[in-house]
Every structure is written in structure tokens, then in C-alpha cells.
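# Observations on the model geometry
Next come the chains, spelled out residue by residue.
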Amino acid sequence: LIHTSSDYFTTYEGIIKYIQMMQEKDASATAQKWAEQFAKTDVCPECHGARLNREALHYRIHDKNIYQLASMDISELYEWLEGVNPHLEEKQRKIAEEILKELKSRLRFLLDVGLDYLSLNRTSVSLSGGESQRIRLATQIGSQLVNVLYILDEPSIGLHQRDNLRLINSLKKLRDTGNSVIVVEHDKDMMLASDYVIDMGPKAGRLGGDVVFAGTPREMLRTHTLTSQYLNGECAIEVPAKRREGNGHSLWLRGAKGNNLKNVDVEFPLGKLICVTGVSGSGKSTLINETLQPILSQKFYRSLQDPLDYDSIEGLEYIDKVVNVDQSPLGRTPRSNPATYTGVFSDIRNLFVGLPEAKIRGYKPGRFSFNVSGGRCEACQGNGSKCIEMNFLPDVYVPCEVCHGKRYNRETLEVRFKGKSIADVLDMTINRAV
């Protein structure tokens, strides 16, 4: 990885430049990880995170500079804008009139979708999926477009019940300005607030795929589809009468002060299923994903990510590993799928290698892999589809014209188990494969 003959290593600046180069996206994952152990993100000592120079920060309106305004919660900023007029001179008031009106209307949209706890300078990578979606929604309401079809995929994810009504009202505003809104949802309030419901089912996978009901929510309540049974109260998920005891040990996190946590002490009883809940922006992710998980990762795996501020942690001796299951994509390559990720595909390949036909042909396990050359279709390199780059439009994926989406070449597909080729096995649903 390091070439000592390189000019990079003659000066300290050269070493820094080399590490920065390794952190770039085109460096390999190993090189990036190696470089990251020398780098740590810290607040700039000159501007203290404000991003602007001293001169820009000296411009103030009613004793606040632009950084202070951007750091306020949106609800706090809205209140500040409501009361700023008396503190402006006559000339400033004339200039600010239209700008303030526009500012307040845009902030109002963000407040309506339940984002009053965010600040304007919050980095977009730190937003949850639901928050990003609601910011886009607020932008669309503000654009005042008409005759647009909006499609929202589960906008209530991560949203507290308190904010559900706000979100529904925002969607109704979009509809009332002359647009159509399609929402893919499981949420009861959203279903009952809609003008028209399409219920898909009756169950999942090969047992689904039919429209089991289409009509108004009131009409739906009179039917007996699986969804309407839960809406009617005919079916319910009962609260367990008896709770799990746990193993008697606890993990204690004391003095957590990251982001908006107010020096909290939390007990996590072990041997139980624990749910961390609260309204949007109350500090759930800060407590678990940015404080507890990095502490445990550093302890067990020498992780490089620093946890947010805390005083102490007790009870680490009662656990020996931490596994983080998040919403990031599975696998390292675009060809990854549930079979490869869970490891079951290795057994499937070994089964095909052990077949008489494969032994006669001298096939090894690599022959049945679509990640290496040999048995895969080389026209699409095992992807099963080809990407056509479209100018000014999203890329389009079309089935490979050689293998027709099967990923393998003709010779590999001639080896069959119970009449099925390896491509047929991959095409099965999990219950059918079992």
C-alpha cells in the first residue's frame, strides 16, 4: 500500500495529502479504512463550526448573525421571525417585507410536516429516511405546482403518532391545490383519511398480487379483507399478558450529552427486547446509534468511530459482541442477494457440483458462481441485466439479450437437480425453495 520511494513521504504535508487521496471514493475499501484511522472530524477552531469568516458573522439582525439563526430549531426561528419587525428600521422593513413573508411560508411547510425540532444547518446525512422524505414533501408543497402525481412510499416511517395528523393535512393540501397523491402505507390513520383505497393481497409473495378491494375507506370497513379485519377490530395483535424476565443484569449508560441529550442516565436490562421510543427529534438515534453502539464497537472491535459525549458505562462484562442491523444495502456488490448474503448459496453450489453431470464435466464450485468468470454469462458479467445510460434521465436496466436474465451461460444451465437449473433455484421464492 505504501511506496516509500514516493515523493509523498518526504514532507508532513505529503503524508497528509496521501491520506486524503486514500480517503477519496475511487480508492479501494481497504485503502479508505487504512486512511480513516489517521483522520478524525473535529470542529474548526477558527470559526467553531460556523463555516463563515469573522467579517460575514459580524452582520447582525436583532443581535443575531446568520449562523445563530441557522442553528435555531425551526419552531424557534419561526417565532423569532414573527417578532423581528419592531427591531428593524423603516428602510430595512421595506426591503425585508417580501423576504420575511417568503421565509415564514417556507418554514410553515416544514412545521406542518412535523419537523419543528430540526435546525436549518443540520447535515443531510444525519437525517433519517422519514425526515428526508418530509423535507422533500415540504419543498413540493412550497413549489405550488398543479396537475402533478405525487407517489410517497411509507411517509409515516419514524413518525410519532403526534405528528401523523400534520403529515396527513400536508398531503391534503397537496391534493387541494390540484394534484394527485398516491401513498403506499400500512398506517391506519392514513388509510382512513384517504379518498380512495386499493387493498393488495390477499397475502404475500405468490399468495398475493391481486386487488382484493378498491373503493372508499367507509366501503372497505364493510368488507372482510385481512386489512379491514384489523381496521374493524375483528383481528388484533394482543399485548402479551406475561413479560420476559431477562437475565437480571443491566447495562448502564451515564451522563449522555450528545446533540440534544440533557445529561441522561439510562438502564438497559439485558436478556430482553428493549424498545427506545419518543417523539421525532427526542434523541433516540443519538442515544443508541451515536453513543451506545460506538462505545461497544470500540470495546469489542477497536472501531474508529468516536461516541458522542458521555460520562461512564457499566455492565460491559455481561455482553461479548454487538451487531448493528441498519437499513444500509446488503452485500458488497450489485449482484449480492439474500442467497449469497446468508451463505446458503455456497451449499446450493456444492449440491450442483456433486451432481453426476457436473462431475463428468469437471465443474468446480466457481462454475456455479455469477461473481467470477467461468460459468456466468460474460455478456452481462453475471448481472442478468444491462445498464443503458440515458442522458438527462435515470439509467435504464434491460434484461441481458444473451442469457435473458438467467446470469449463467448455456453449459452451466445444462446441469440440473430435480429438473431445475441453478438459475431456476435462484428464481424460486424462499418458501418454494424450502
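All of these numbers come straight from a predicted model, not from anything done at the bench.

This part takes up the layout of surface pockets. Approximately 1,200 Å³ is the volume found for the second largest pocket. V183, E185, M191, V197 and I198 are, among the 34 residues lining the second largest pocket, the residues nearest its centre. Breaking the lining of the second largest pocket down by element, the ones donating at least two residues are α8 (161–176), β2 (180–184), α9 (188–193), β3 (197–201) and α11 (226–232).

Next up on the list: the sheet that holds strand β7 (residues 312–314). Picture the strands of a sheet paired through backbone hydrogen bonds; they go either parallel or antiparallel. The strand order β6-β5-β7 describes an open sheet built from three strands, whose pairing is antiparallel. The open sheet is flanked by β6 (264–269) and β7, the only strands paired with a single partner. Adjacent strand axes in the sheet meet at a mean angle of 10° when their direction is disregarded. As paired elements, strand β5 (residues 250–256) and β6 share five bridges and run antiparallel to each other. Each bridged residue has a counterpart across the sheet, and for L251 the counterpart in β6 is F268.

Let us now look at the environment of E267. As for its placement among the helices and strands, E267 is situated in strand β6. Overall, E267 belongs to the partly exposed group, its relative accessible area being 41%. Sequence separation of E267 and R254 is 13 residues, and the distance between their C-alpha atoms is 8.6 Å. Other than its neighbours up to four places away in sequence, E267 contacts S250, L251 and W252. Looking at E267, its side chain comes within polar contact range of the side chain of S250, at 2.7 Å.

Within the structure shown, the criterion is met by five aromatic pairs. Counting every residue linked through ring pairs, the aromatic cluster contains F345, F370 and Y408. One Lys or Arg, R254, reaches over the ring of W252 and ends 4.4 Å from the middle of that ring. The aromatic ring of F370 is capped on one face by R407, whose charged end is 4.4 Å from the ring centroid.

All right, on to the packing of helix α5 (residues 74–82) against helix α6 (residues 90–112) then. In the contact formed by α5 and α6, the axes pass within 10 Å of each other and the chain directions differ by 150°. Considering their axes alone, α5 and α6 lie roughly antiparallel with respect to each other. Of the two possible hands of crossing, α5 and α6 adopt the one that is left-handed. When α5 is examined against α6, the residues I74, S75, L77, Y78, L81 and E82 are found in contact with a partner set consisting of L100, L103, K104, L107, R108, L110 and L111. Of the residues that constitute the contact of α5 with α6, the class distribution is nine nonpolar, one polar and three charged.

Before going further, it helps to examine the pattern of salt bridges. On inspection of all chains with the given rule, the structure shows 17 salt bridges. Its salt-bridge partner being R166, residue D116 comes within 3.5 Å of it at the nearest N-O pair. Separated by 50 residues along the polypeptide, D116 in the loop between α6 and α7 (129–143) and R166 in helix α8 bring together distant segments of the chain. Taking the relative accessible area as the measure of exposure, R166 reaches 30% and is therefore partly exposed. One salt bridge connects D320 with K321, and the closest N-O pair in it is separated by 3.4 Å. In this pair, the class of D320 matches that of K321, namely exposed.

A bend of about 30° at Q293 is the largest found in helix α12 (residues 284–301), and the proline P294 appears one to four places after it. Of all the positions in α12, only T286, L287, T291, L292, Q293, P294, I295, L296 and S297 are classed as buried. Of the surrounding elements, those touching the buried residues of α12 are β5, β6 and β7. Count one or two residues on from α12 and you reach R302, which has phi positive near 50°.

Here the focus is the state of the cysteines. For the structure on display, the rule yields zero disulfides. Its sulfur unpaired, C47 is 3.7 Å from the next cysteine sulfur, which belongs to C44. No disulfide involves C380; its sulfur sits 3.8 Å from that of C403, the nearest cysteine. Relative accessible area serves as the criterion here: at 5%, C380 is assigned to the buried category.

All right, on to the pairing of β3 then. Along β3, the buried face is formed by V197, D199 and G201; none of I198 and M200, which line the opposite face, is buried. Here β3 pairs with strand β4 (residues 210–215) via five bridges, running antiparallel. Paired with D199 across the two strands is F213, which belongs to β4.

Here we come to the side chain of S170. Within the secondary structure, S170 is located in helix α8. Sequence-distant contacts of S170, defined by excluding residues within four places in its chain, comprise D112, V113 and I141.

On to the confidence of the model for the chain. Per-chain confidence: the chain averages 88 in pLDDT, with 94% of residues scoring 70 or above. Below pLDDT 50 for its whole length, residues 1–5 participates in eight contacts with residues either more than four positions away or in separate chains.

What counts and how
- Residues numbered from 1 in each chain as written.
- Predicted model: local features only at pLDDT ≥ 70, side-chain atom pairs only at ≥ 80, totals over all residues.
- Heavy atoms only, no water.
- 1 Å grid on protein atoms, 1.4 Å probe; cavity = no way out; pocket = protein on both sides within 12 Å on 5 of 7 lines; lining within 4 Å.
- Points joined across faces, edges and corners; volume = space filled by probe spheres on them.
- Helix = DSSP H or I, 4+ residues; strand = E, 2+ residues; numbered from the N terminus.
- Pairing = 2+ DSSP bridges.
- Axes fitted to C-alpha atoms, helices over the stretch in contact; angles between N-to-C directions.
- Buried < 20%, exposed > 50% of the residue type's maximum accessible area, 1.4 Å probe, protein only.
- Contact = heavy atoms within 4.5 Å.
- Polar contact = N/O pair within 3.5 Å; in protein donor to acceptor, adjacent residues only side chain to side chain.
- Phe/Tyr/Trp six-rings, centres within 6.5 Å; stacked < 30°, edge-to-face > 60°.
- Lys NZ or Arg CZ within 6 Å of the ring centre and 35° of its normal.
- Parallel < 35°, antiparallel > 145°, perpendicular 65-115°, else oblique.
- Left-handed = near helix turned anticlockwise from the far one by under 90°.
- Nonpolar A, V, L, I, M, F, W, Y, C, P; charged D, E, K, R; others polar.
- Salt bridge = Lys/Arg side-chain N within 4 Å of Asp/Glu carboxyl O.
- Bend = angle between axes of the 7 residues up to and from the residue.
- Disulfide = S-S within 2.5 Å.
- pLDDT = per-residue confidence, 0-100.

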